Structure formats: C-alpha cells, structure tokens
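Structural features, examined
So you can see what is in the structure, the chains are spelled out below.
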Amino acid sequence: MLIRGARLYGEGEPVDVLVADGVIAEIGSVQAPGDAEVVEARGQVLLPGFVDLHTHLREPGREDAETIETGSAAAALGGYTAVFAMANTDPVADNAVVVEHVWRRGRETGLVDVHPVGAVTVGLKGEKLAELGTMAKSAAGVRMFSDDGHCVADPLLMRRALEYSTALDVVIAQHAEEPRLTVGAQAHEGETASRLGYAGWPASAEESIVARDCLLAEHARARLHVCHVSTKGTADVLRWAKNRQSTGVISAEVTPHHLLLTDERLATYDPVNKVNPPLRTASDAAHLRAALAEGVIDCVATDHAPHAVQDKDCEWAAARPGMLGLQTALSVVTETMVRTGLLDWRGVARVMSERPAEIAGLADQGRPIVAGEPANLTLVDPDAEWTVRGAELASLAANTPYEGMRLPGVVTLTLLRGQITAREGKIV
Ligand SMILES: NC(=O)N[C@@H](CC(=O)O)C(=O)O
Ligand SMILES: [Zn+2]
Ligand SMILES: [Zn+2]
C-alpha cells in the first residue's frame, strides 16, 4: 500500500510512504507497485499511531457500556494503535485469567493492540497485593499495574507494590486521590462548588498523594506513573520530583478534558461533566497545557470512561464519574496544544505516541517513521473540522462532554502493522 504525499510530522515537503508486510518499506518519491492500494494524503500530517495508557473498555462485566470490540473501534477511529485497558472491570483484572481474557479478546478483534492493566491490589480493595508477577509473566505480559478508580492509599502497600515492580520491570500507575479528603466530594473545591452547593474535592487530595508517591518511588528506585494530573500543584510537585537526582523514574499523563474543560461547565448540573478527578479551574487547565508542552507532564491519556445511560443520565450525586475520550483526543489536543502554538506535530507525536510507548515499554509502538519500522501510523487532516455527536461515536455509550462542539483535527487513516483499521471515519 502507498500513502502518497504525506507530510511526516507535519514537516517539510510531502513524501510517499510505501508499506509492505506490516512495515514501512520505503519513503521518498515512490512508484506504486501495480497491485498497491493508493491513499492520497494531499499533504496531511503522518504521525506514529497513538498509544493510550488509560482506557476503560468495561469488558468483562459491563458490556452494556462498552466492549473490547466497540472500544477498539473507537480507538482505531481516534488514531490509536495501542491502548491500555484499566483493571476496574467485573471481575477485576487482578489475576492471570482475566488479563489473558482481555488480551485475547483484543487480539481477536484486531483493531488495536489491547494491553490489559493489572490491578495492584486484590479486587481493587487496597488491602493486599495482587499477584503482579503471575500477571506480568502471563500470555498478556502485563507491563502496567493500577487500581485506577481507586487510590492505593495505604503507604505501606504502595511502597511494597513499587518495590516488587522493580524486579518485574513494570510500572505502577497511581490514581492519586487521598480518600479521606474526598469523602462525598462532587466537584472541584472552589468558587463554583460553593456557589452550586457541591461538596468540594480539594486539589490537595491529589497533590499530597503525588508528593508521597514520588518520594516512595525514588527510595524504591521504581517507576511511578501518575494518572490524570488535574491541578497546577501536581504539575509543580512533578517538576520538583523530576528535577531531583532521583533514582526512581516518574512519568505523568493529562487527559484531553483537563486541558480543555473547566468547572464553570458545572453550572448546568449536567452529569456528563462529572469526572474523577473533577474538572478544575481555567488557571489549572492553562498550567497543565504548559506542563505538557514543557515535558513535566509526559503524555496525553484519554481516561476514556464509557457509562450506560442509567448510570450517567441521572441526578448529579448518583451519576458515575467519567467521560468518553478515544475519538475526540486528537481534536482536543489540536485545539488546546497545536492551535495555541504550544506544540507542533512533532510534539503531538511525542505526547500521544512516543512517550506513552516508552513508559509502557512497548517496542513496536511510538517508533520513528523510517523504513524498516512497523507500520503503526496515523494520518491526520490538520485543517479539517468536525462536530462531535455522541450518538455517532463508535462507543456503545454516548457520554461525551463535547456534544455539539466543533473541533479541529480529523483522523483520516489508521494503520496497525500495515493493515488499515480505520479510514475516513469508518472501521475497515
Ligand atoms: N475517570 C473517571 O471518572 N472514572 C473512571 C475511573 C477513574 O479513572 O478514576 C471510570 O472507571 O469510570
Ligand atoms: Zn482514575
Ligand atoms: Zn480511569
């Protein structure tokens, strides 16, 4: 197959990219072999396929909200070639049987590489460690562990998890939320929450755990990944921790929604805006964008969190937190980071593909676009715009906070090992 006239990383003159046997065969001015399928790129931006370190696919257990198949379709349409499926399923992915099931279903679906995240503690209960080694050595080859949805709040358990992780060469991803500080919390603690009468979710609940965990990771010489950073204070703690002569390795992600949306949206009382951690202030969002551009926050992760209608379309306090993200991530990053001049397309490749692949230790993702590399690629029309409609997204659920919004940046082609998985908004 030949991609004709694409601008690699949005730089330089358009070139042709020949893909054969799952790898990039040749780049330059290439004659299409007679039997080759030709995709006219017309100067669009070619990037390495995106890697999402934080996705909720809901299978097993809540196949009414999302399945590995529908979530994989959303991922492919969003330009992703690998996703990490969080462990908070039912049953919980805290053992080899469940992680192998998720991994196998991902392979069968074949639209995106689905890497199961293993739970840190049994049943996500925060009481005793799950069998990390068994999951790491299973067919699923688990590389990342997280109790996401819950914080590993007990410092002794967190310390043990970090210590074990070094021997297994895996990363512990923490949902940083001191549970004693967020009892009954409904919205970011601040002016909006006071005005609307919501119990506040203080920034310090996140920041105190991140500070603690950075120190625990440093002492354990372990790899810590901080999920969904949402406050300026957390970015400051990360900057401090990364600047130390640390022997642990700390990485962090930010979600598209924390880059774009703020707690002012809560005035409508629409639970589509309820998410954990909560939407914060405009100042937080501005600092998160800057921290991402600077590299203090390593990457963008969607925290794609589909919910069935009855769990989301109800009164605020009862609604589950979480929002869809896979199909809108590139557009939100284009809007918040590219259009603002904070990142060029090379930078987008870094935060959406290269860094996440490195953090998770994926050898075949986030690779340079050169001959001989696996053809995991995403073609983006940087000038096109589209209007988000939840009902038209590939997810089973429709809880997008961007309903009706016009956003820039459209994924027009996704290739997984040289096979087209999505083209012009359709699954192939
Ligand atoms: N982000 C959310 O608001 N919800 C996530 C859990 C999580 O990421 O903490 C979910 O599983 O629905
Ligand atoms: Zn979380
Ligand atoms: Zn999550």
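Thresholds, definitions, all that
Residues numbered from 1 in each chain as written. Chains lettered and ligands numbered in written order. Predicted model: local features only at pLDDT ≥ 70, side-chain atom pairs only at ≥ 80, totals over all residues. Heavy atoms only, no water. UniProt positions renumbered as here; feature names shortened; annotations may be inferred. Near = heavy atom within 4 Å. Polar contact = N/O pair within 3.5 Å; in protein donor to acceptor, adjacent residues only side chain to side chain. Areas by Shrake-Rupley, 256 points an atom, 1.4 Å probe, with all protein chains shown as cover. 1 Å grid on protein atoms, 1.4 Å probe; cavity = no way out; pocket = protein on both sides within 12 Å on 5 of 7 lines; lining within 4 Å. Sits in = over half its atoms within 2 Å of the grid points. Nonpolar A, V, L, I, M, F, W, Y, C, P; charged D, E, K, R; others polar. Pairing = 2+ DSSP bridges. Helix = DSSP H or I, 4+ residues; strand = E, 2+ residues; numbered from the N terminus. Axes fitted to C-alpha atoms, helices over the stretch in contact; angles between N-to-C directions. Contact = heavy atoms within 4.5 Å. Donors = N, O, S within 2.8 Å, 3.2 Å for Na, K, Ca; no water. Buried < 20%, exposed > 50% of the residue type's maximum accessible area, 1.4 Å probe, protein only.

- Going by what an unreviewed UniProt entry lists, the protein is known as Dihydroorotase and is assigned to Amycolatopsis dongchuanensis.
- UniProt, in the comment section headed Pathway (unreviewed entry), describes the protein in these words: "Pyrimidine metabolism; UMP biosynthesis via de novo pathway; (S)-dihydroorotate from bicarbonate: step 3/3."
- Word for word, the UniProt comment on the protein under Function (unreviewed entry) is "Catalyzes the reversible cyclization of carbamoyl aspartate to dihydroorotate."

1. Re the site of ligand 1
- Lining the immediate environment of ligand 1, one finds 15 residues, of which Arg-58, Asn-88, Asp-148, Asn-276 and Asp-303 sit closest.
- Within the side chain of His-175, one N or O atom sits 2.9 Å away from an oxygen atom of ligand 1.
- Within the side chain of Asp-303, a nitrogen or oxygen atom sits 2.7 Å from a nitrogen atom of ligand 1.
- In isolation ligand 1 offers 310 Å² of accessible surface; the protein chains occlude 95% of this area.
- According to the grid-proximity analysis, the pocket containing ligand 1 is the largest pocket.
- Split by residue class, the shell around ligand 1 holds three nonpolar, nine polar and three charged.

2. Things to note about the sheet that holds strand S6 (residues 50-55)
- One open sheet accounts for three strands, arranged S6-S7-S8; its pairing is parallel. Each edge of the open sheet carries a strand with a single partner, namely S6 and strand S8 (113-116). Within this sheet the neighbouring strands show an average axis-to-axis angle of 20°, counted without direction.
- Inspection of the sheet shows strand S7 (residues 80-85) paired to S8 by four bridges, in the parallel sense. Bridge pairing in S8 links Phe-84 to His-115.
- Along the sheet, helix H12 (residues 345-360) makes contact with S6 and S7, crossing S6 at roughly 60°.

3. Regarding the coordination of the zinc ion (ligand 3)
- Looking at the metal site, the zinc ion (ligand 3) is ligated by His-54 (NE2), His-56 (NE2), Asp-148 (OD) and Asp-303 (OD), spaced 2.0 to 2.2 Å from it.
- Mapped onto the polypeptide sequence, the residues donating to the zinc ion (ligand 3) form the spacing pattern H-x1-H-x91-D-x154-D.
- In this model, the zinc ion (ligand 3) sits 3.7 Å from the zinc ion (ligand 2), the two metals being bridged by Asp-148. Here His-56, found in the loop between S6 and helix H1 (68-77), pairs with Asp-148, found in the loop between strand S9 (144-145) and helix H4 (155-168); they are 92 residues apart in sequence, far enough to count as distant.
- His-56 gets classed as buried once you look at its relative accessible area, which sits at 3%.
- Residue Asp-148 is classed as buried on the basis of its relative accessible area, which comes to 3%.

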